[in-house]
Amino acid sequence: MPDTDVLRLRGGNRTQGTISIRGSKNALPKIMVAAMLTSEPSRIGNVSWIRDTQIVGEMIEAYGGSARRVGTELAVEVPDLVPPSQDVLGDLNRRSRIPVLSCGPALHRSGEAFISTPGGCTIGARPVDFHLDVLRSLGVVMTEAEGGLRLTAPTRLRGARIELSYPSVGATEQFLLASCLAEGDSLLTNAAVEPEILDLIYVLQKMGALISVETNRQITVTGVDRLRGFAHDVIPDRLEAASWASLALATDGEITVSGVRQADLATYLNTYRRAGGEFAASPDGTEISFWRDRSMLRPLALETNVHPGFMTDWQSPFVTALTQADGISVIHETVYEDRTGYVAALEALGANVGLFTECLGPTHCRFGRGNHPHSIVVVGPNKLQGTELHVPDLRAGFSYVVAAAAASGLSTISGIDLLDRGYEDFRTKIAAVGIDID
Ligand code: EPU
């Protein structure tokens, strides 16, 4: 039997081909949770059939609903919501961070919810304190229980004014999913405004919610009494699109991504060009081809940030490509304190990279005073040589593929199943762009 968790990859080929991109991994699961706010059926299109979709489908079934594949769409229906046992929820929480977002629907429809330690990729501590603050402000009562926190809503949740100390994507989604059926108005300041959040807002609007996104990261919600079913096509995955673009950059290849939205990639495209990459977009911006504009890439200084900044999820594949730049690149990660673990793998492949705990960028971020190695210096260009690697998290996993494809010789990458969380059919796709794999 072949071991699907290990990928043997021979680098050195110039990648070439077209990859079609489907619904965003970070939008779809939240839209599935939104469908739990109503007893009516909903239809979701442009679905990526990845592991996270499957886990959230299992969660919906655990709540007594159904999430079925119907042709290319997902049909979700939760006629009666019955919270699962704490053990079942605890298990789902260990596999993904999404179940923590089911609190809003569960509290509105059954009066109770449970939160245990959430899972997901190992990148930083990833606490849920902002989520708890949001729920408490809306009137949720919390008591400690074995393995987590038991949440109850003694009365209907009530609108509140809440300020996030950091524009967290998850906490903003928690706010939206919990406040849209609360009594009265709610205001969230310092909210995250990522395209994936706007997509969730458009879904909730289709369902009958009253939500406005204002300037200065403010979101106001006027609670309504009931929500209805919806039909919605998920926005394309801008993280997957950028991953393939970085692969083209690192391997001096030419890769076209189709089914994307140029607007969601605007910051990435600017940075791509600054680094010596080039691209051409179709008139409607749904198809973009990427290639290198010069034989040697240009080094640059880069800082990750919340939208509209350079996304943290774009960081590791792009920085891997910067090992092929002629000079010193400096990267400052400001969203997660621990998203630089892949650098050790780049070193193992022969890259000249260093990690620093100081903030090497214009922002004095939250991690500057801790002992977090969150800045990277790459001294290029580097000749990479294939080696043995083990995948620690989703985006790092893709960057290992990028690095191994840019290296000469054979690399063996274990833990590769982690990529199934966020990349649909990725083994087929990497073979389709000309990477030589077992
Ligand atoms: N944070 C807290 N307390 C909280 C919540 C967050 O301190 O209660 C901190 C986090 O530890 C982190 C920062 O706030 O340092 C940002 O976290 P955020 O809540 O914005 O992230 P998330 O909702 O947990 C989503 C995506 C991530 C993506 C980030 C940032 C999903 C399922 N995950 O995570 O995607 O990196 O937003 O855009 O939507 C990925 O796709 O590989 C991935 C990890």
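Please read all numbers here as calculations on a predicted model, not as lab measurements.

**Student:** Would you mind going over the site of the ligand with me for this structure?
**Tutor:** Around the ligand, the structure places 25 residues, and the nearest of them are Lys30, Asp129, Ser168, Val169 and Val335. Lys25 places a side-chain nitrogen or oxygen 2.9 Å from an oxygen atom of the ligand. The contact in question runs from an oxygen atom of the ligand to an N or O atom on the backbone of Val335, over 2.6 Å. Summarising the interface, the protein chains cover 93% of the accessible area of the ligand, which totals 830 Å² for the free molecule. Elements represented by at least two residues in the shell around the ligand include exactly helix 5 (129-137), helix 6 (169-179), helix 10 (312-321) and helix 12 (394-406). No other element matches helix 5, which puts 3 residues into the shell around the ligand. Of the residues belonging to the shell around the ligand, the class tally is 11 nonpolar, 5 polar and 9 charged.

**Student:** What is the right way to look at the side chain of Arg421 in this model?
**Tutor:** With respect to the secondary-structure elements, Arg421 resides in the loop between strand 22 (409-414) and helix 13 (426-432). In this structure Arg421 comes out as buried when scored by relative accessible area, which is 10%. For Arg421, the side chain forms a polar contact with the main-chain oxygen of Arg95, separated by 3.3 Å.

**Student:** Would you mind going over the environment of Ser42 with me for this structure?
**Tutor:** Counting through the fold element by element, Ser42 comes out in strand 3 (residues 42-45). The exposure class of Ser42 is buried, given its relative accessible area of 1%. Separated by 190 residues in sequence, Ser42 and His232 place their C-alpha atoms 8.3 Å apart. Beyond its immediate sequence surroundings of up to four residues, Ser42 is in contact with Ala35, Leu74, Ala75, Val76, Gly229 and Phe230. Only 3.3 Å separates the side chain of Ser42 from the backbone nitrogen of Phe230, close enough to count as a polar contact.

**Student:** Quick question: what am I supposed to make of the pairing of strand 8 (residues 148-152) here?
**Tutor:** The two faces of the sheet receive side chains in turn, since in a regular strand these alternate between them. One ladder, built from 5 bridges, connects strand 6 (residues 112-116) with strand 8; its direction is antiparallel. Bridge pairing in strand 8 places Ala113 opposite Leu151. Sheet analysis places strand 7 (residues 141-145) next to strand 8, joined by 5 bridges and oriented antiparallel. Residue pairing for strand 8: Glu144 is matched across the bridge by Leu149. The turn linking strand 7 back onto strand 8 is made up of 2 residues, and Gly147 within it adopts a positive phi angle of 80 degrees.

Reading the values: rules and limits
- Residues numbered from 1 in each chain as written.
- Predicted model: local features only at pLDDT ≥ 70, side-chain atom pairs only at ≥ 80, totals over all residues.
- Heavy atoms only, no water.
- Near = heavy atom within 4 Å.
- Polar contact = N/O pair within 3.5 Å; in protein donor to acceptor, adjacent residues only side chain to side chain.
- Areas by Shrake-Rupley, 256 points an atom, 1.4 Å probe, with all protein chains shown as cover.
- Helix = DSSP H or I, 4+ residues; strand = E, 2+ residues; numbered from the N terminus.
- Nonpolar A, V, L, I, M, F, W, Y, C, P; charged D, E, K, R; others polar.
- Buried < 20%, exposed > 50% of the residue type's maximum accessible area, 1.4 Å probe, protein only.
- Contact = heavy atoms within 4.5 Å.
- Pairing = 2+ DSSP bridges.

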